[in-house]
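Chain and residue survey
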Amino acid sequence: MSVLKVKLTPPHTHPEGIKDPGPPEESPSPSWRGPSATMAPAGTKKGILERLNAGEVVIGDGGFVFALEKRGYVKAGPWTPEAASEHPEAVRQLHREFLRAGSNVMQTFTFYASDDKLVNRGHTQRFTGQQINEAACDLARQVADEGDALVAGGVSQTPAYLSCKSQDDVKAIFKKQMDVFVSKNVDFLIAEYFEHVEEAEWAVQVLKGTGKPVAVTLCIGPEGDLNGVSPGECAVRLVKAGADIVGVNCHFDPATCVRTVAMMKAGVEKAGLKAHYMSQPLAYHTPDCNKQGFIDLPEFPFSLEPRILTRWDMQKYAREAYAAGIRYIGGCCGFEPYHVRALAEELAPERGFLPAGSDKHGLWGSGLEMHTKPWCRARARRDYWEKLKPASGRPLCPSMSMPDSWGVTKGHADLMQQKEATTKEQLQDLFSKADKGQ
């Protein structure tokens, strides 16, 4: 990891040339603005490919679904984003916190905002897919325009694909979301969270029709997609489908994701193709995950907190991702704004500035120099936090879990989409399978 000194010299310029937001009383109003959040005149922001082609580091945002579920705005299970229409203030505030932390991209809160997902398994639909997608675009744009951030419209895997619907049916679902993104003039598009490269290819083909830059991320690890297609082959297929940026998101921890993207990069280069690379992993340690990722862990989704990465783990991730040639670096489920701030602080030498959120965060614990207790002041140093092995506080806590490995994927009866709520009989069958250990 890079060494970044914290002592500032007037006029609030870092000794290594990194711009600093300065003390709170000298920051512009509102107080969250900083160098990374200065409003750019309309039409002057550099696009995503312009930034990446110039070798700039793009910091993504974090995990909206998990963050808003914990705050009481999203229901676990459906994981659908009605909050964009139902509680816009909550979504707007989270966008602002990620912007303040250093994010360059405000991704629309449209994960699972496809019409087929909004009616799946008895979910009560209070807003139309169009209403949710439009509201999400408006919120992302409002906050992006408060800083130097871009808006990315996002689509994700569909129940229709898992239920073996046709290519035309699945593409029609993507197109309904895409039409909203075009009308709202998002800056670029992301197809994320795909377990099967085939469906991701279909998504890229639809999104590419807009003429906007397209990024695509699979939720796979080093073993490849759920049909056994290797990361390298997946990446080649996606680049050939028209993707400008390829990578992974969700399902696995940062170390696993960086390793997977490195495999994708090697595959693309071996094929003589070119692309940019991105990584948006979980904020959880998942060394015990199998091919399907953290959804197979018995702690998913309500007992994952003991696995959360520290801010210092995140700085290590940022440095390793950068060293692997990844220039779009962000996070997914479990990523809170302070995690994103850690990415931005670690990569401040490359970006040339600290985020506004660093106003209240001394680098490597330096703020503890002002602590009342002397033993806490003694922790105000980098080598302390880098060497620390955090305790779990749980005397009988296991270091690893045994993942559930049911081995079901596209086409399996248990995955078929149904509008009706899951019945008691269906649940009892699942309980029985779980008790027998499959």
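Located above this text is the structure these notes cover.
To start, this report covers the structure provided alongside it. (Residues numbered from 1 in each chain as written. Predicted model: local features only at pLDDT ≥ 70, side-chain atom pairs only at ≥ 80, totals over all residues. Heavy atoms only, no water.)

1. Remarks on the overall build of the protein
- A count of helices and strands for the protein gives 17 helices and eight strands.
- Here the protein holds 438 residues, and the buried ones make up 52% of them.
- Across the protein, every contact between residues at least 6 apart in sequence was considered, and the portion connecting residues at least 24 apart equals 78%. (Helix = DSSP H or I, 4+ residues; strand = E, 2+ residues; numbered from the N terminus. Buried < 20%, exposed > 50% of the residue type's maximum accessible area, 1.4 Å probe, protein only. Contact = heavy atoms within 4.5 Å.)

2. Examining the nonpolar core
- In this structure, Leu218, Leu238 and Phe294 are the most contacted members of the largest nonpolar core, which totals 99 residues.
- With eight residues, the top contributor of residues to this core is helix H6 (residues 129-144).
- In terms of nonpolar packing, the next biggest core, distinct from the first, is built from twelve residues, Leu52, Val58, Phe188 and Ala215 among them. (Core = buried A, V, L, I, M, F, W, Y, C linked by side-chain atoms within 4.5 Å.)

3. Some thoughts on the environment of Ile59
- Secondary-structure assignment places Ile59 in strand S1 (residues 58-59).
- For Ile59 and Leu347, which are 288 residues apart along the polypeptide, the C-alpha to C-alpha distance reads 9.3 Å.
- Non-local contacts of Ile59, meaning those with residues more than four positions away in its chain, are made with Gly102, Ser103, Asn104, Val105, Ile329, Val340, Leu343, Ala344, Leu347 and Arg351.

4. Observations regarding the packing of helix H4 (residues 88-101) against helix H13 (residues 337-346)
- H13 packs onto H4 with a crossing angle of 20° between their chain directions and a minimal axis gap of 8 Å. Overall, the two elements H4 and H13 adopt an arrangement that is roughly parallel. In the crossing of H4 with H13, the sense of the turn from one axis to the other is right-handed. For the pair formed by H4 and H13, the contact residues are Leu94, Glu97, Phe98 and Ala101 on the first element and Pro337, Val340, Arg341 and Ala344 on the second.
- Grouping the amino acids of the contact of H4 with H13 by side-chain chemistry returns six nonpolar, no polar and two charged. (Axes fitted to C-alpha atoms, helices over the stretch in contact; angles between N-to-C directions. Parallel < 35°, antiparallel > 145°, perpendicular 65-115°, else oblique. Left-handed = near helix turned anticlockwise from the far one by under 90°. Nonpolar A, V, L, I, M, F, W, Y, C, P; charged D, E, K, R; others polar.)

5. Description of the sheet that holds S1
- The strand order across the open sheet formed by eight strands is S1-S8-S7-S6-S5-S4-S3-S2, and the pairing between neighbours is parallel. A single partner strand is all that each edge strand has here, and the edge strands are S1 and strand S2 (105-107).
- Sheet topology note: the strand S6 (residues 245-249)/strand S7 (residues 276-280) ladder contains five bridges and is parallel. What sits directly across from Val248, in S7, is Ser279. (Pairing = 2+ DSSP bridges.)

6. As for H4
- Its 14 residues place the ends of H4 20 Å apart at the C-alpha level, agreeing with the 20 Å of an ideal helix rising 1.5 Å per residue.
- Regarding H4, the residues found buried are Ala90, Val91, Leu94, His95, Phe98, Leu99 and Ala101.
- For H4, the elements touching its buried residues are helix H2 (64-70), helix H3 (83-86), S2, H6 and H13.
- In the stretch just after H4, Gly102 is the one whose phi turns positive, near 125°. (Expected span 1.5 Å × (residues − 1).)

7. Structural notes on the packing of aromatic side chains
- One pass over the full model with this rule turns up 19 aromatic pairs.
- Ring plane angle 25° and centroid distance 6.4 Å describe the contact between Tyr284 and Phe294, whose orientation is recorded as stacked. Taken together, the residues span a long stretch of sequence, with Tyr284 in the loop between S7 and helix H12 (311-323) and Phe294 in the loop between S7 and H12 at a distance of ten residues.
- Residue Tyr284 is classed as buried on the basis of its relative accessible area of 2%.
- One aromatic cluster is present, formed by Phe66, Trp79, Tyr284, Phe294 and Phe300 through successive ring pairs. (Phe/Tyr/Trp six-rings, centres within 6.5 Å; stacked < 30°, edge-to-face > 60°.)

8. Thoughts on the layout of surface pockets
- If you add up the space inside the second largest pocket, you get close to 1100 Å³.
- Taken together, 34 residues line the second largest pocket, and the ones lying closest to its centre are His285, Pro306, Arg307, Ile308 and Asp313.
- Elements supplying a minimum of two residues to the lining of the second largest pocket: helix H11 (254-270), H12 and helix H16 (382-387).
- Partitioning the lining of the second largest pocket into residue classes produces 17 nonpolar, six polar and eleven charged. (1 Å grid on protein atoms, 1.4 Å probe; cavity = no way out; pocket = protein on both sides within 12 Å on 5 of 7 lines; lining within 4 Å. Points joined across faces, edges and corners; volume = space filled by probe spheres on them.)

9. Thoughts on helix H9 (residues 197-208)
- When the terminal C-alpha atoms of H9 are compared, their 16 Å separation across twelve residues agrees well with the 16 Å that a helix rising 1.5 Å per residue should span.
- For H9, the buried fraction is high: nine of the twelve residues fall into the buried class.
- If you check which residues of H9 are buried, you get Val197, Glu199, Ala200, Glu201, Trp202, Ala203, Val204, Val206 and Leu207.
- Where H9 is buried, its residues contact strand S3 (150-156), helix H7 (159-162), helix H8 (167-183), strand S4 (188-194), strand S5 (214-218) and helix H10 (231-241).

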